[in-house]
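# Coordinate analysis (summary)
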Amino acid sequence: MSYTESEIMEYIEDEDAKFIRLAFRDAYGVQKNISVMPTEIHKAFNSGVPINARAIRGFEGYKEPNLYLKPDPATMAVLPWRPDSGRVLRMFCDVCTADGEPYEADTRNILRTAVKKAESKGIEFKFGSEMEFYLFKLSDEGTPTTLPYDNAGYLDIAPLDRGENIRREICLTIEEMGLTPERSHHERGPGQNEIDFHYGKPMKAADQIITFKMVVSTIADRYGLYADFSPVPISNMPGNGYHINIFAHDKDGNDVAKYVAAGIIDKIKDITLFLNPTEASYARFGTCTAPDKVNWSRSSGSELMYIDDTMEKTRAELRSPDALSNPYIAYALLIHAGLYGVENNLSLPKEMEGEGNLLPKNRKEAMEYAEASSFVKSILPEAVIRAYLQ
């Protein structure tokens, strides 16, 4: 459901909301927030709530001491695990300068700019996500261990699968917050789970991922567990992927997903650093079913991109990203790469071709591709690129 500012103000009064969390992200997509009282929300909508810019990763180079958070009323959600009396609301915010202009390193604004460019070209993108995570036990002191919550395998059921109730609670909580989970199941690794989302417009899809990770971590903690989204939580076991499903059509309704897929394949090395931001990301490549080659196929396996053209709408599934990536940057780069494919009428290479065409082997190599890429520099501001090159 989408709300206006006046509806938010009315809701706060009618529903006895006592705290409003204003959420935003650093350059790496890690959620941050500041809580304000209801008396401050009008000020937040109009002039923004100040934050210390230099304390946020990726914002350190901003010349002024403060940036300002302006909430997007369309993103309002009630945090269901907080009390009914004295409710807590959450809204995602845009990061602005003192004069009210979007801050260039605000990755939500970077995605908004990409969507506007696609709209100007008559192309609409939609994204769906499939995200994996491990559940580990906590120690008696409440710190994470490497002991999986269960030893179940792919699509196992209870009692082997001990995460069934947790996944159900996650899905119901997310649904209560206005989002749309599709499927959930146990994955291949011990204690590994997956929850998939229906496709949506880019901004909503990115907001959904940030909300999802917050809910998973919160629900896991309530069960005395730790949710681990890192690329390789247990060596020699399946890593955590963040598979991104991509749909695209032009203003006449023509399916352009294959052109989009060709553009992404063409630019994938340039953008891998942002889809796989940590050194551990590259330990996942080439293991189990995680890709390490720049290729595609129509039969889902270990290829970079799986393309399903058997249905009415072509679905292109990118399988290299991991869950530590910033979804706003990821979707922005995929939109621009997809537009490159559409504008140049790029054709896909031969199916499963690319035996010697490998993804970057490590973070250093991915950094070199990104640093040399005029494509990346045309999309991301210097502050964001610098944050990832550190």
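The structure under discussion appears in the preceding block.
My aim in this report is to walk through the structure given alongside it, one point at a time. Every value quoted in this text rests on a predicted model; they were computed, and no experiment measured them. (Residues numbered from 1 in each chain as written. Predicted model: local features only at pLDDT ≥ 70, side-chain atom pairs only at ≥ 80, totals over all residues. Heavy atoms only, no water.)

## Observations concerning helix α3 (residues 107-120)
Our working rule: Runs of H or I in DSSP of at least four residues are treated as helices and runs of E of at least two as strands, each being numbered from the N terminus. To estimate how far a helix should reach, multiply one less than its number of residues by 1.5 Å. Only protein chains enter the accessibility calculation, which uses a 1.4 Å probe; a residue is then buried when its area is under 20% of its type maximum, exposed when over 50%, and partly exposed in between. For this analysis, residues touch if any pair of their heavy atoms sits within 4.5 Å.
Between its first and last C-alpha atoms α3 spans 20 Å; for 14 residues at 1.5 Å apiece the expected length is 20 Å, and the two agree. Turning to α3, its buried residues number three or more, namely T107, R108, N109, I110, L111, A114 and A118. Structurally, α3 contributes buried residues whose contacts are with β1 (17-25), β6 (87-96), β7 (123-138), α5 (202-222), α8 (327-343) and α11 (382-389). Where α3 ends, the next residue or the one after it, G122, has phi of about 75°, a positive value.

## Describing the packing of aromatic side chains
Defined as follows: A pair of Phe, Tyr and Trp rings is counted when the ring centres sit within 6.5 Å of each other, with Trp represented by its six-membered ring. The angle between the planes then sorts it: under 30 degrees is stacked, over 60 is edge-to-face, the rest tilted.
Under the counting rule described, the total for this entry stands at 13 aromatic pairs. Look at F127 and Y331: their rings are 4.3 Å apart centre to centre, the planes differ by 0°, and that puts the pair in the stacked class. Linking F127 in strand β7 with Y331 in helix α8, this pair joins segments that are 204 residues apart in sequence. For F127, a relative accessible area of 0% translates into the label buried. Take Y331: its relative accessible area is 0%, and that puts it in the buried class. The interplanar angle of 75° and the centroid separation of 6.3 Å between the aromatic rings of F212 and F229 together place this pair among those described as edge-to-face. One end of the pair, F212, is in helix α5; the other, F229, is in the loop between β11 (225-228) and β12 (242-250), and 17 residues separate them in sequence. Chaining the aromatic ring pairs together yields one cluster made of F133, F197, F212 and F229.

## Details of the nonpolar core
Rules: Only buried residues count toward a nonpolar core, which is a set of Ala, Val, Leu, Ile, Met, Phe, Trp, Tyr and Cys residues joined through side-chain atoms within 4.5 Å.
Formed by 115 residues in total, the largest nonpolar core has its most connected members in F125, I170, F212, I246, Y331 and L380. Excluding residues that lie within four positions of it along the chain, Y331 makes contacts with L111, F127, S129, P202, A205, A206, I209, Y242 and I244.

## Here we look at the environment of Q192
This is how the line gets drawn: Counting of polar contacts relies on pairs of N or O atoms within 3.5 Å, with two restrictions inside protein: one atom must be capable of donating a hydrogen and the other of accepting it, and residues adjacent in sequence are counted only when both atoms are side-chain atoms.
Within the secondary structure layout, Q192 lies in strand β10 (residues 192-197). Spatially, the C-alpha atoms of Q192 and I8 are 38 Å apart, while their sequence positions differ by 184 residues. Ignoring any residue separated from it by four or fewer positions in sequence, one finds Q192 in contact with E132, F133, Y134, H186, E187, P238, G239 and N240. Reaching out from Q192, the side chain makes a polar contact with the side chain of N240 at a distance of 3.1 Å.

## Section: a negative patch on the surface
Filter applied, for reference: Only residues whose relative accessible area exceeds 30% and that take part in no salt bridge are eligible for patches, with like-charged residues grouped when within 9 Å of each other and nonpolar side chains (Val, Leu, Ile, Met, Phe, Trp, Tyr) grouped when within 5 Å. For accessible areas, the Shrake-Rupley method is used with a probe of radius 1.4 Å. Any residue's cover is judged against the shown protein chains and nothing else. Counted as salt bridges are all cases of a side-chain nitrogen of Lys or Arg within 4 Å of a carboxyl oxygen of Asp or Glu. His is not counted, nor are the chain ends, whereas Lys and Arg count as positive and Asp and Glu as negative. In this description, the location of a charge corresponds to atom NZ of lysine, CZ of arginine, CG of aspartate or CD of glutamate.
The grouping of E7, E10, E13 and D14 at the surface amounts to a negative patch. Relative to the helices and strands, E10 is located in helix α1 (residues 5-14).

## What to know about the environment of T145
Looking at where T145 falls in the secondary structure, it is placed in strand β8 (residues 144-148). The spacing of T145 and L135 is ten residues in sequence and 9.9 Å in space, taken between C-alpha atoms. Look past the residues within four positions of T145 in its chain and what remains in contact with it is F136, K137, L138 and S139. A polar contact is formed between the side chain of T145 and the backbone oxygen of K137, at a distance of 2.7 Å.

## Side note on the packing of helix α6 (residues 257-275) against helix α9 (residues 363-372)
For clarity, the threshold we go by: Simply put, an axis is a line fit to the C-alpha atoms, just over the touching stretch for a helix, and the angle between two N-to-C directions goes from 0 to 180 degrees. Convention used here: angles under 35 degrees read as roughly parallel, angles over 145 as roughly antiparallel, angles from 65 to 115 as roughly perpendicular, and any remaining angle as oblique. The hand of a helix crossing depends on one turn: near helix anticlockwise from the far one by less than a right angle means left-handed, and clockwise means right-handed.
For the pair α6 and α9, the least separation of the axes is 7 Å and the interaxial angle reads 120°. Between α6 and α9, the angle falls in the class oblique. The interaxial crossing formed by α6 with α9 has left-handed handedness. Mapping the contact onto sequence places K269, D270, L273 and F274 in α6 and R363, A366, M367, Y369 and A370 in α9.

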